[in-house]
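Now for the letters of each chain:
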Amino acid sequence: MKILIVDDFSTMRRIIKNLLRDLGFTNTAEADDGSSALPMLENGQFDFLITDWNMPGMTGIDLLKACRASEKLKTLPILMVTAEAKRDQIIAAAQAGVNGYVVKPFTAAALQEKIEKIFERIDANR
Amino acid sequence: MADNKKNGLGKASTTGSDADTAALAAAGAKSFTDALLARKQALLEALQSDDMVAAADLIHQINHARDETLYFEVGRLTRALHNALRDFHLEIGLQNNAEVKHELSEMVDARSRLNYVIAMTEDAANQTMDRVDEAAPMVQKLVDESEAIHREWQSFLAQGNTVNDDSNPLFQRIEQLLQRISGDGQGIHTRLTDILMAQGYQDLSGQVIKRVIELVSDVEQSLVRLVKLASNVEEVAGIKSEDSEHKAVRDEKQRIRAEGPQINQQNNQDVVSGQDDVDDLLSSLGF
């Protein structure tokens, strides 16, 4: 299981990376915005994407849309972990095809629950 | 403050002058409403007596008063902005001279100070997480070791070995200690995770500070625009409000624009109140 963590704040990338390590996911990579993440996703074999929304350069919502428009990445499971908390934003992310949405500040348990739910659903659809 | 008002646009102005500023104040003293009221009777009479030339002239005068009011408002806003910037510098101890001469360049300085805050909090958060990363394996090792000894101890007893006196309080205490290391080890690990999660403040506060940096930039640009506007009566008189079609397109983009953490969550109906709300909203969308 290879996971890409995208957030412009290195602090948050480190937090998520540590939490994933606790959950047993040790194969992670990092990017600081959508435009650096997209080529990594296109060229690497990632199984899961966790992305922030508010980032300079390419935002998380644009990265989400770019993934869904890509033949290779259209089914990639994507979890958004963001401080963006407006209903319109959450609806926009859902319509763009996000698999889960966690608002900051979040708890370790919340993140774990969302990740597990995403994989349960994927397994069920297989 | 009074000294600053006298200077009006001060050195920040590239095209305006003190004379313009004085003219602004004089024009503004006569408000649009006053001008309208003063001509009400004359305009009614002119219209009733079909004197279109006189009526047109009166309407022109009222329009002129409106332009002057607008012009005065621009001048007032410019001064207010100038004062706000000056006070900001005073508050954070940036005044090297009695008069602040380089507002715009010092705005850059204000931005770099805010960036410094972000860098400092990032450094603090990283140091905290370094300690967490060091402590977590120490605790884990302690727990693993203790559990191994506990297992050996149990099987030692299970093999029929006895320690002569089971009621010896020392053995009981060793047994309790081994159990306790396991339990408390788990508790410490949970708390270390909590400490890790709490470092999320750096991201959240950083996003808010970045918004303030953006605001400072916007104010800076607005100041430049206002200074230009205030120097040109024709430009001001020609101002039109944004046409509604253009505005609708912009609103759509604005609606889902990334904003960072919500500062005033409870007062905003558009904002979810927590993860439960997010889950409810998503499940209402069929998730």
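Residues numbered from 1 in each chain as written. Chains lettered and ligands numbered in written order. Predicted model: local features only at pLDDT ≥ 70, side-chain atom pairs only at ≥ 80, totals over all residues.

**Considerations on the overall build of chain A**
Okay, step 1: Scanning chain A from terminus to terminus reveals 5 helices and 5 strands.
Okay, step 2: Its helices and strands taken in sequence order, chain A reads β-α-β-α-β-α-β-α-β-α from the N to the C terminus.
Okay, step 3: For chain A, buried positions account for 46% of its 126 residues.
Okay, step 4: Taking all contacts inside chain A whose residues are at least 6 apart in sequence as the whole, residues at least 24 apart take part in 61%. (Helix = DSSP H or I, 4+ residues; strand = E, 2+ residues; numbered from the N terminus. Buried ≥ 20, exposed ≤ 12 C-beta atoms within 10 Å, placed from the backbone. Contact = placed C-beta atoms within 7 Å.)

**Here's the deal with the overall build of chain B**
Okay, step 1: If you tally the helices and strands in chain B, you get 10 helices and 0 strands.
Okay, step 2: Start at the N end of chain B and walk to the C end: the helices and strands fall as α-α-α-α-α-α-α-α-α-α.
Okay, step 3: Contacts in chain B between residues far apart in sequence, at least 24 positions, make up 78% of those at least 6 positions apart.

**Focus: the sheet that holds strand E1 (residues 3-6) of chain A**
Residue and element names in this part refer to chain A.
Okay, step 1: Taken in spatial order, the 5 strands make up an open sheet running E2-E1-E3-E4-E5, and their pairing is parallel. One side of each edge strand has no neighbouring strand; the edge strands of this open sheet are strand E2 (28-31) and strand E5 (100-103). The sheet shows a mean angle of 20 degrees between the axes of neighbouring strands, direction not considered.
Okay, step 2: Both strand E3 (residues 48-51) and strand E4 (residues 78-82) contribute to a ladder of 3 bridges, which runs parallel. Looking at the pairing, Leu-49 lines up with Ile-78 of E4. (Pairing = 2+ DSSP bridges. Axes fitted to C-alpha atoms, helices over the stretch in contact; angles between N-to-C directions.)

**Quick word on the interface of chain B and chain A**
Interface extent is often summarised as the accessible area lost during association of the parts.
Okay, step 1: In this assembly, 32 residues from chain B lie in contact with 31 residues from chain A.
Okay, step 2: For the side of chain B that touches chain A, the element with the highest residue contribution is helix H7 (residues 201-230) of chain B, accounting for 5 residues.

**Concerning the packing of helix H4 (residues 87-96) of chain A against helix H10 (residues 275-284) of chain B**
Okay, step 1: Two elements in contact, H4(A) and H10(B), have axes separated by 10 Å at closest approach and are oriented at 50 degrees. Relative to H10(B), H4(A) is oriented oblique. Classified by chirality, the crossing of H10(B) by H4(A) is right-handed. Within the contact between the two elements, H4(A) uses A:Arg87, A:Ile90 and A:Ala94 and H10(B) uses B:Val278, B:Leu281 and B:Leu282.
Okay, step 2: Residue composition of the contact of H4(A) with H10(B), grouped by class: 5 nonpolar, no polar and 1 charged. (Parallel < 35°, antiparallel > 145°, perpendicular 65-115°, else oblique. Left-handed = near helix turned anticlockwise from the far one by under 90°. Nonpolar A, V, L, I, M, F, W, Y, C, P; charged D, E, K, R; others polar.)

**A closer look at the packing of helix H3 (residues 60-69) of chain A against H4(A)**
Residues and elements named next belong to chain A.
Okay, step 1: In the contact formed by H3 and H4, the axes pass within 9 Å of each other and the chain directions differ by 15 degrees. Classified by the angle their axes make, H3 and H4 are roughly parallel. In this structure, H3 crosses over H4, and the sense of that crossing is left-handed. The segment H3 lies against H4, with Ile-61, Leu-64, Lys-65 and Arg-68 engaging Ala-92, Ala-93 and Ala-96.
Okay, step 2: Taken together, the residues of the contact of H3 with H4 break down into 5 nonpolar, no polar and 2 charged.

**Let's talk about the nonpolar core**
Residue and element names in this part refer to chain A.
Okay, step 1: Ranked by internal contacts, the top residues of the largest apolar core, which has 42 residues, are Leu-4, Ile-16, Leu-49, Ile-50 and Met-80.
Okay, step 2: In terms of residue count, helix H1 (residues 10-22) provides more of this core than any other element does, 5 residues in total.
Okay, step 3: Residues in contact with Met-80, not counting those within four places in the same chain, are Thr-51, Trp-53, Gly-60, Ala-93, Val-98 and Tyr-101. (Core = buried A, V, L, I, M, F, W, Y, C linked by C-beta atoms within 7 Å.)

**Concerning the confidence of the model for chain A**
Okay, step 1: Residue-level pLDDT values for chain A average 94, and 99% of them are 70 or greater.
Okay, step 2: Per-element averaging of pLDDT across chain A places helix H5 (residues 108-125) of chain A at the bottom with 89 and E1(A) at the top with 98. (pLDDT = per-residue confidence, 0-100.)

**What about unusual backbone geometry?**
Okay, step 1: Of note, the amide linkage connecting A:Lys104 to A:Pro105 takes the cis form, showing an omega dihedral of -5 degrees.
Okay, step 2: Residues other than glycine seldom take positive phi values, yet B:Asp50 does so here, at roughly 55 degrees.
Okay, step 3: Summarising the element assignment, B:Asp50 is placed in the loop between helix H3 (32-48) and helix H4 (52-91).
Okay, step 4: A count of 8 C-beta atoms within 10 Å places B:Asp50 in the exposed class.

**Notes on the environment of A:Arg121**
Residue and element names in this part refer to chain A.
Okay, step 1: Structurally, Arg-121 is set in helix H5.
Okay, step 2: Classification of Arg-121 by C-beta neighbours within 10 Å gives partly exposed; the count is 14.
Okay, step 3: Note: C-alpha distance between Arg-121 and Asn-99 (22 residues apart in sequence) is 9.4 Å.

**Section: the pairing of E1(A)**
All names here are of chain A.
Okay, step 1: Residues Ile-3 and Ile-5 of E1 are buried on one face, and the alternating residues Leu-4 and Val-6, pointing to the opposite face, are buried as well.
Okay, step 2: Where E1 and E2 come together, 4 bridges link them in parallel fashion. Looking at E2, one finds that Leu-4 is bridged to Ala-29.
Okay, step 3: This β-α-β element, E1 to H1 to E2, shows right-handed connectivity.
Okay, step 4: When E1 meets E3, the two strands line up parallel, connected through 4 bridges. Considered in E3, the bridge of Ile-3 is made with Phe-48. (Right-handed = clockwise from strand over helix to strand, strands pointing away.)

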